[in-house]
There are 2 protein chains.
Amino acid sequence: MAMNTDYARTLLKQHGLTITEPRVFVLSLLRKFDTPMSINDIMEKSKHTIALSTLYRVLADLSHAKIVTTFSSPNQKLLVELLDEEREHHHHLYCESCEKVFDVSLGEELEGMIEKLISKIGETHQIDIQEHSFEMYGSCNNTGQHSLRRN
Amino acid sequence: MAMNTDYARTLLKQHGLTITEPRVFVLSLLRKFDTPMSINDIMEKSKHTIALSTLYRVLADLSHAKIVTTFSSPNQKLLVELLDEEREHHHHLYCESCEKVFDVSLGEELEGMIEKLISKIGETHQIDIQEHSFEMYGSCNNTGQHSLRRN
DNA sequence: TTTAAGAATGGGAATCATTCTCATTTAATG
DNA sequence: CATTAAATGAGAATGATTCCCATTCTTAAA
Ligand SMILES: [Mn+2]
Ligand SMILES: [Mn+2]
Ligand SMILES: [Zn+2]
Ligand SMILES: [Zn+2]
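What comes next concerns the included structure. (Residues numbered from 1 in each chain as written. Chains lettered and ligands numbered in written order. Predicted model: local features only at pLDDT ≥ 70, side-chain atom pairs only at ≥ 80, totals over all residues. Heavy atoms only, no water.)

A look at the overall build of chain A
Turning to step 1, where the next piece is worked out: Along the backbone of chain A there are five helices and six strands.
Turning to step 2, where the next piece is worked out: Listing the helices and strands of chain A from first to last along the sequence gives α-α-β-α-α-β-β-β-β-α-β.
Turning to step 3, where the next piece is worked out: Each principal axis of the C-alpha distribution contributes one length, and for chain A these read about 50 × 40 × 25 Å.
Turning to step 4, where the next piece is worked out: A total of 151 residues make up chain A; the buried ones form 48% of that total.
Turning to step 5, where the next piece is worked out: Computed over 16 positive and 22 negative side-chain charges, the inter-centroid distance for chain A is 8 Å. (Helix = DSSP H or I, 4+ residues; strand = E, 2+ residues; numbered from the N terminus. Buried < 20%, exposed > 50% of the residue type's maximum accessible area, 1.4 Å probe, protein only. Lys, Arg positive; Asp, Glu negative; His and termini not counted. Charge placed at Lys NZ, Arg CZ, Asp CG, Glu CD.)

Right, dumping it as structure tokens:
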């Protein structure tokens, strides 16, 4: 536990952010579970000791500092994950029955091809492409709920 | 114009949906512009003659009937596009300065590799992967607004 | 250590997109 | 045309996110 809060403090210091209880809590939590978490996940784990508005601000701050990254699940819920240097570029697989999110690396070969293709596409459209995302949606056999989907 | 409404009526009939003014309008519009449109785009073009709630329902109906498909831009705005049989599987490139969305086809080779990779990933995670999306984000030189992004 | 100044927080109001409700209108069918 | 189910319009309700402001922390200097 202390390990994780130390990690959090160090990270904040490194990025020139002030060390506050909500920020440390959020970072420790993300490190502890090492998986993308939603606003509600974090609120529940904090037993609602953090104000919702604070959580949004903390995430925005951490995101601007590139300490975390945010993205949306198919049901449009905001998800946050740590953005370590050692954490390599990766993509996500969403299971719509059990609502889990898995990190997926495409591998050098494919990622390389994609890079090449992207620069070609960028030229064609005269657009400087800075980012790409590749996401997969599926379901394990647990249920047929499709609970990650809106509609 | 008449061409487009005929197209719309035919499409609705083919899919067993009743022909109503809002549905015909939306489909004609999508065909006329042949580009993904947002809720606001459609409302403006309709000069607000369609109720907002109706538009949402119409899009849900058309989407369930697989006549259109919806997806979200990086700023989380809902976008709709026609889903013709002749329109092949494709992906999207978002320009964050001029807010345009471009259709992009990856090409057989890459799409084939991705399919193979996906089935491998599906096995690894014991998940039946039904869909994938590949999106690119960039900006042309028009402005540096990044207006498609939230934050 | 104390203190001052700015930064961050909590709580609640405001905003925005989307969904829901229900009374009224319309489409399809014979 | 009349009937009946389906669709619509208008606005209320909901849910997520942002905004506001008074209060509380953090930090760094004295
Ligand atoms: Mn991840
Ligand atoms: Mn498209
Ligand atoms: Zn699952
Ligand atoms: Zn552009």
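A closer look at the interface of chain B and chain A
Turning to step 1, where the next piece is worked out: On the side of chain A, 36 residues touch chain B, which itself brings 36 residues to the contact.
Turning to step 2, where the next piece is worked out: Around 3,200 Å² of area is buried between chain B and chain A when both sides are counted, 62% of it from carbon and sulfur atoms.
Turning to step 3, where the next piece is worked out: A per-residue breakdown of the area chain B buries against chain A is headed by Ile127, Phe134 and Tyr137 of chain B, which together make up 16% of the total.
Turning to step 4, where the next piece is worked out: Every element with two or more residues in the side of chain B that touches chain A is listed here: β4 (91-95), β5 (101-104), α5 (108-125) and β6 (128-139) of chain B.
Turning to step 5, where the next piece is worked out: Tallying contributions element by element places β6 of chain B first for the side of chain B that touches chain A, with 12 residues. (Contact = heavy atoms within 4.5 Å. Buried area = accessible area lost by both parts, 1.4 Å probe.)

Regarding the protein's contact with DNA strand C
Turning to step 1, where the next piece is worked out: Close contacts around DNA strand C come from 20 residues, with Thr20, Arg23 and Thr54 of chain A together with Ile19 and Tyr56 of chain B the closest.
Turning to step 2, where the next piece is worked out: Ala51 of chain A places a polar main-chain atom, nitrogen or oxygen, 3.3 Å from a phosphate oxygen of DNA strand C.
Turning to step 3, where the next piece is worked out: Here Ile19 of chain B contributes a backbone N or O atom positioned 2.9 Å from a phosphate oxygen of DNA strand C.
Turning to step 4, where the next piece is worked out: Those elements that place two or more of their residues in the surface near DNA strand C are α2 (21-33) and α4 (52-64) of chain A together with α4 (52-64) of chain B.
Turning to step 5, where the next piece is worked out: Taken together, the residues of the surface near DNA strand C sort by class into eight nonpolar, seven polar and five charged. (Near = heavy atom within 4 Å. Polar contact = N/O pair within 3.5 Å; in protein donor to acceptor, adjacent residues only side chain to side chain. Nonpolar A, V, L, I, M, F, W, Y, C, P; charged D, E, K, R; others polar.)

Section: the coordination of the zinc ion (ligand 4)
Turning to step 1, where the next piece is worked out: Protein-derived coordination of the zinc ion (ligand 4) comes from Cys95 of chain B (SG), Cys98 of chain B (SG) and Cys140 of chain B (SG), at a distance range of 2.1 to 2.2 Å.
Turning to step 2, where the next piece is worked out: Read N to C, the donor residues that coordinate the zinc ion (ligand 4) are spaced as C-x2-C-x41-C. (Donors = N, O, S within 2.8 Å, 3.2 Å for Na, K, Ca; no water.)

Some points on the coordination of the manganese ion (ligand 2)
Geometry sets the ideal angles at a metal, namely 109.5 degrees for four tetrahedral donors and 90 or 180 degrees for six octahedral donors.
Residues and elements named next belong to chain B.
Turning to step 1, where the next piece is worked out: Those protein atoms acting as donors to the manganese ion (ligand 2) are Glu81 (OE), Glu81 (OE), His90 (NE2), His92 (NE2) and Asp103 (OD), and they sit at 2.0 to 2.6 Å.
Turning to step 2, where the next piece is worked out: When the donor residues of the manganese ion (ligand 2) are listed from N- to C-terminus, their spacing reads E-x8-H-x1-H-x10-D. Within this pair, whereas Glu81 is found in strand β3 (residues 78-82), its partner Asp103 is found in strand β5, the two being separated by 22 residues in sequence.
Turning to step 3, where the next piece is worked out: What makes Glu81 buried here is its relative accessible area of 4%.

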